[in-house]
Amino acid sequence: MLRPTLVLLCLAMPALADESPWLGDWAADPDWCAQAGRTGEVPEAPLRITDSELLGYENRCRITETDPLQILPGAELVLECVAEGETFADARLLVIDAADSMLMLVPGAEPLRLSRCPDGAAAE
């Protein structure tokens, strides 16, 4: 139900030029971008999404399948995750709704708005 609603809301939005605009560091709070070099180590650090994994605090997911959305810029990621010693299958729907803004939809949870961290945002 949520996916069709997003499609209708964003039909008029132009596609972004980047083929994989979801790659990079993304934070629920832009202040967390200062901790980009510590992703996975501290709770208030951004998520890192690469071609092969999604890394967060106390969890690491291998991306086993990437299905780019056909109408909207974004993708559905099929994941194999490890968190607190447990391995499980998961999925994320990523919808880029502006150049530096993304909605992450997790089954059974509220959508999470993330902001892209600028390159070189990590504190030295």
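For the structure itself, look to the data block above.
Residues numbered from 1 in each chain as written. Predicted model: local features only at pLDDT ≥ 70, side-chain atom pairs only at ≥ 80, totals over all residues. Heavy atoms only, no water.

Undergrad: Help me understand the state of the cysteines in this model?
TA: Chemically, a disulfide is nothing more than a covalent bond linking the sulfur atoms of two cysteines. As enumerated under the stated definition, the model contains 2 disulfides in all. Two residues share a disulfide in this structure: C33 and C117, whose sulfurs sit 2.0 Å from each other. Measuring the twist about the S-S bond at about -80°, one finds the C33-C117 disulfide to be left-handed. Taken together, the positions of C33 in the loop between β1 (24-27) and β2 (47-49) and C117 in the segment after β8 (112-116) put the pair 84 residues apart, joining distant regions of the chain. The same class applies to C33 as to C117, namely buried. Linked covalently through their sulfurs, C61 and C81 form a disulfide whose S-S length is 2.1 Å. Here C61 and C81 share a disulfide; its torsion about the S-S bond, 105°, makes the bridge right-handed. (Disulfide = S-S within 2.5 Å. Helix = DSSP H or I, 4+ residues; strand = E, 2+ residues; numbered from the N terminus. Buried < 20%, exposed > 50% of the residue type's maximum accessible area, 1.4 Å probe, protein only.)

Undergrad: It is not clear to me how the sheet that holds strand β7 (residues 101-105) should be interpreted in this structure. Could you clarify?
TA: Hydrogen bonding along the main chain pairs the strands of a sheet, whether they run parallel or antiparallel. Read around the barrel, 8 strands follow the order β1-β2-β3-β4-β5-β6-β7-β8 and close on themselves; strand pairing throughout is antiparallel. Direction aside, neighbouring strands of the sheet carry axes that sit 30° apart on average. Bridge count between β7 and β8: 4 bridges; the pairing is antiparallel. Bridge pairing links M102 to L114 in β8. (Pairing = 2+ DSSP bridges. Axes fitted to C-alpha atoms, helices over the stretch in contact; angles between N-to-C directions.)

Undergrad: Would you explain the nonpolar core in this entry?
TA: A general trend in soluble globular proteins is that nonpolar side chains are found buried together. Of all hydrophobic cores here, the largest spans 16 residues; its most connected members are W22, I49, L54, L77, L94, M102 and M104. Elements with a contribution of two residues or more to this core: β2, β4 (59-68), β5 (74-83), β6 (86-98) and β7. Per-element accounting of this core gives the leading share, 4 residues, to β5. Aside from chain neighbours lying at most four places away, what touches M104 is L47, I49, L54, R92, L93, L94, P111, L112 and L114. Membership of the second largest hydrophobic core comes to 6 residues, among which are L72, L93, L103 and L105. (Core = buried A, V, L, I, M, F, W, Y, C linked by side-chain atoms within 4.5 Å. Contact = heavy atoms within 4.5 Å.)

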